[in-house]
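If you want the building blocks of each chain, they are given just below.
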Amino acid sequence: MDNSILHKEYTVVQDDYVNAGKVSSDIKSTLSEIGISPKVLRKIAVASYESEINLIIHAYGGKVFLDVGEDGAVSLVFKDPGPGIPDLEKALTPGWSTASEKARGMGFGAGMGLPNIQRVTDEFNIESSPAGTTLSLVFRSPV
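Below: a short report on this structure. Counting from 1, residues in each chain are numbered in the order their sequence is written. Owing to the predicted nature of the model, reporting of local features is limited to residues with pLDDT of at least 70; listing and counting of side-chain atom pairs is limited to 80 or more, with chain, interface and lining totals taken over all residues. Calculation of side-chain values draws on the structure's entire complement of heavy atoms; hydrogens and water are dropped beforehand.

A closer look at the pairing of strand S5 (residues 132–139)
- Here's how the labels work: a residue is buried when its accessible area is under 20% of the maximum for its type, exposed when over 50%, partly exposed in between, all with a 1.4 Å probe on protein chains only. Working definition: helices are DSSP H or I runs of at least four residues, strands are E runs of at least two. Numbering for both runs from the N terminus. The element S5 is extensively covered by neighbouring structure, given that 6 of its 8 residues are classed as buried.
- When strand S3 (residues 74–80) meets S5, the two strands line up antiparallel, connected through 7 bridges. Within S5, the residue paired with Leu 76 across the bridge is Leu 137.
- What makes two strands pair is DSSP finding at least two bridges between them. With 7 bridges joining them, strand S4 (residues 123–129) and S5 adopt antiparallel strand pairing. Note on S5: the bridge partner recorded for Ile 126 is Leu 135.
- The hairpin turn running from S4 into S5, its antiparallel successor, is 2 residues long.

Set out below in C-alpha cells:
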C-alpha cells in the first residue's frame, strides 16, 4: 500500500494449530492501539482469523502483510506458495469445504471462511493457481 503509516509482516506455518489465531490477535491489538474503530476492528478480526486459519489448514503456510494508509484504510494481504484453490467459485460458496478430517475434528472446515471474509470486507480480491493464492482485503474506517 502506498503512503503506509504502519506496516507489519507475519509468517504462518502449515498445520500449526497450536498458534492458530496469534497473528490475527496481534493485528487486532496493533490496530486497536492506533485507534481503528471497534466496528471496523470486529470485521478485521473475523477476516484475519479466517484467513490465517485458511493458511494453516489449506496452504503450505504463508505470509501476512498488514498496512494502514494515511487515510486510515487497513490493507491485509495473505500470500501462500500453494497448492492453490482448484475451484474459486465453489470455495466462495457457503458450506463448501476441502478441509481434512484432522481440521474438521478440531472444529475447523465448515466452509464459511471465504464467504465470511468476503462479507465483512470493503474490498475483496482473490487470485489462485497451483503456485499459490493471494487474498487482498481492504477495510475503510468511517470518518
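That was the structure; now back to the text.
Quick word on the sheet that holds strand S1 (residues 4–12)
- Taken in spatial order, the 5 strands make up an open sheet running S1-S2-S3-S5-S4, and their pairing is antiparallel. Each edge of the open sheet is held by one strand with a lone partner, namely S1 and S4. Strand-to-strand, the axes of this sheet are offset by a mean angle of 10°, without reference to chain direction.
- Whether two residues are in contact is decided by their heavy atoms: any pair within 4.5 Å suffices. Note on definitions: angles span 0 to 180 degrees between N-to-C directions of axes, and those axes are lines fitted to C-alpha atoms, for helices only across the stretch in contact. Sheet contacts for helix H1 (residues 22–33): S1, strand S2 (62–69) and S3; angle to S1, the most-contacted strand, approximately 165°.

Focus on the side chain of Ser 24
- Structurally, the position occupied by Ser 24 is in helix H1.
- Residue class for Ser 24 comes out buried when judged on its relative accessible area of 6%.

Comments concerning H1
- Take the residue count of a helix, subtract one, and multiply by 1.5 Å to get its expected span. Relative to the 16 Å expected for 12 residues at 1.5 Å per residue, H1 spans 17 Å between its end C-alpha atoms, a close match to the ideal helical length.
- By the burial criterion, the buried members of H1 are Val 23, Ser 24, Ile 27, Thr 30 and Leu 31. Around the axis of H1, the buried residues are gathered within 125° of arc, so they sit on the same side. Those residues of H1 that are exposed and aimed more than 90 degrees away from the buried face are Lys 22 and Glu 33. Note: the arc covers the axis-to-C-beta directions of the helix.

A word on the packing of H1 against helix H2 (residues 38–57)
- Contact pair H1 / H2: the axes reach a minimum separation of 8 Å and the direction vectors enclose 160°. Classified by the angle their axes make, H1 and H2 are roughly antiparallel. Here the hand of the crossing between H1 and H2 comes out right-handed. Contacts between H1 and H2 involve Lys 22, Val 23, Ser 24, Ile 27, Lys 28, Leu 31 and Ser 32 on the former and, on the latter, Leu 41, Ile 44, Ala 45, Ser 48, Tyr 49 and Glu 52.
- Looking at the contact of H1 with H2, its residues break down into 7 nonpolar, 3 polar and 3 charged. Throughout, the term roughly parallel applies to angles under 35 degrees, roughly antiparallel to angles over 145, roughly perpendicular to angles from 65 to 115, and oblique to all others. Left-handed is the label given to a crossing in which the near helix is rotated counterclockwise from the far helix by less than a right angle, and right-handed is the label when the rotation is clockwise. Three classes are used, and their members are as follows: Ala, Val, Leu, Ile, Met, Phe, Trp, Tyr, Cys and Pro are nonpolar, Asp, Glu, Lys and Arg are charged, and the others, Gly among them, are polar.

Regarding the environment of Asn 125
- With respect to the element layout, Asn 125 can be found in strand S4.
- Apart from residues lying up to four places away in sequence, Asn 125 is in contact with Thr 134, Leu 135 and Ser 136.

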